[in-house]
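Residue-level listing of the chains:
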Amino acid sequence: EPEVTQTPSHQVTQMGQEVILRCVPISNHLYFYWYRQILGQKVEFLVSFYNNEISEKSEIFDDQFSVERPDGSNFTLKIRSTKLEDSAMYFCASSDPGHTGNTIYFGEGSWLTVV
Amino acid sequence: QQQVKQSPQSLIVQKGGIPIINCAYENTAFDYFPWYQQFPGKGPALLIAIRPDVSEKKEGRFTISFNKSAKQFSLHIMDSQPGDSATYFCAASVGSNFGNEKLTFGTGTRLTIIP
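Residues numbered from 1 in each chain as written. Chains lettered and ligands numbered in written order. Predicted model: local features only at pLDDT ≥ 70, side-chain atom pairs only at ≥ 80, totals over all residues. Heavy atoms only, no water.

K.L.:
I tried to follow the overall build of chain B on my own but got confused; where do I start?
P.N.:
On a plain count of helices and strands, chain B comes out with 0 helices and 11 strands. Taken from N to C terminus, the helices and strands of chain B fall in the order β-β-β-β-β-β-β-β-β-β-β. The C-alpha atoms of chain B give 14 Å as radius of gyration, which agrees with the globular expectation for 115 residues (13 Å, within 12%). Overall, the C-alpha framework of chain B stretches about 40 × 30 × 25 Å when taken along its three principal axes. In chain B, which comprises 115 residues, the share counted as buried stands at 48%. Contacts in chain B between residues far apart in sequence, at least 24 positions, make up 55% of those at least 6 positions apart. When the accessible surface of chain B is totalled, it reaches about 5500 Å², and 50% of it is carbon and sulfur. (Helix = DSSP H or I, 4+ residues; strand = E, 2+ residues; numbered from the N terminus. Rg over C-alpha atoms; globule rule 2.2 N^0.38 Å. Buried < 20%, exposed > 50% of the residue type's maximum accessible area, 1.4 Å probe, protein only. Contact = heavy atoms within 4.5 Å. Areas by Shrake-Rupley, 256 points an atom, 1.4 Å probe, with all protein chains shown as cover.)

In structure tokens, the structure reads:
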């Protein structure tokens with residue numbers, strides 16, 4: 001079964017450093033997402049991306065965050081200057097409403113620890 | 001108004017029992033209600049979903065009951081097994097905008113099925 005893959009699985013970074021989390025969505029999917037889950041808390045929407053632009057973003061997704069689809073397969077989340085409170089599991093997801101309706105497929109996540 | 005309230009926070013059920021997890025929402029624009037299952041270290045995986053035009057949906061051992069007037073929906077797991085032990089999240093979205101799935105998640109229920 002096709003799956004969303006994410007790298008790295010775990011990254012430790014110093015406060016103030018830039019981090020790039022990478023994702024390979026399911027091939028032929030058109031919509032891409034980033035969600036995050038702070039330890040022990042609920043999953044929260046960050047951003048959705050379609051046709052090479054942001055479709056929607058949450059209030060969490062401020063100017064320190066950016067997303068990019070640099071080529072035909074990768075989808076990245078950049079955090080420009082990390083803060084302690086950015087420590088969380090970041091999930092990439094993708095969907096293809098033409099074939100699988102509303103179903104969003106999540107990757108296994110990238111655990112970010114900011115120290 | 002965007003929140004989805006989920007209860008209980010944790011639940012322990014004996015094998016063969018029927019755990020029930022409840023969710024409530026305020027936003028009447030929500031029209032797509034999925035349940036996600038998450039195992040430790042993994043991303044959320046879609047379990048079952050319902051739209052408000054039906055009051056119940058069953059897939060295998062999993063059933064969603066939906067009460068539109070009360071703005072509540074619940075997940076029932078029939079003949080529960082130890083392998084069902086996981087965290088379950090309800091979610092909601094305005095699914096009419098097909099493809100741009102900004103899911104609003106509940107806070108999660110940690111379910112443990114004891115042999």
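K.L.:
How do you make sense of the state of the cysteines when you look at a structure like this?
P.N.:
Working definition of a disulfide: a covalent bond connecting the sulfur atoms of two cysteines. Residue and element names in this part refer to chain A. Following the criterion strictly, the structure yields 2 disulfides over all chains and no others. A sulfur-sulfur distance of 1.9 Å marks the disulfide that ties cysteine 23 to cysteine 92. Between cysteine 23 and cysteine 92 the sulfur-sulfur dihedral comes to about -65 degrees; the bridge is accordingly left-handed. Of this pair, cysteine 23 sits in strand S3 (residues 19-24) while cysteine 92 sits in strand S9 (residues 88-95), placing them 69 residues apart in sequence. You can call cysteine 23 buried: its relative accessible area is 1%. (Disulfide = S-S within 2.5 Å.)

K.L.:
Can you walk me through the sheet that holds strand S7 (residues 62-67) of chain B in this structure?
P.N.:
The pairing of strands in a sheet happens through backbone hydrogen bonds and is either parallel or antiparallel. All names here are of chain B. Spatial ordering of the open sheet is given by S1-S3-S8-S7-S6, a layout of 5 strands whose pairing is antiparallel. Sheet topology places strand S1 (4-7) and strand S6 (56-59) at the edges, where each strand pairs with a single neighbour. When strand polarity is set aside, the average angle formed by the axes of neighbouring strands in this sheet is 15 degrees. Of the pairings in the sheet, the one linking S6 to S7 comprises 4 bridges and is antiparallel in character. Considered in S7, the bridge of glutamate 59 is made with phenylalanine 62. (Pairing = 2+ DSSP bridges. Axes fitted to C-alpha atoms, helices over the stretch in contact; angles between N-to-C directions.)

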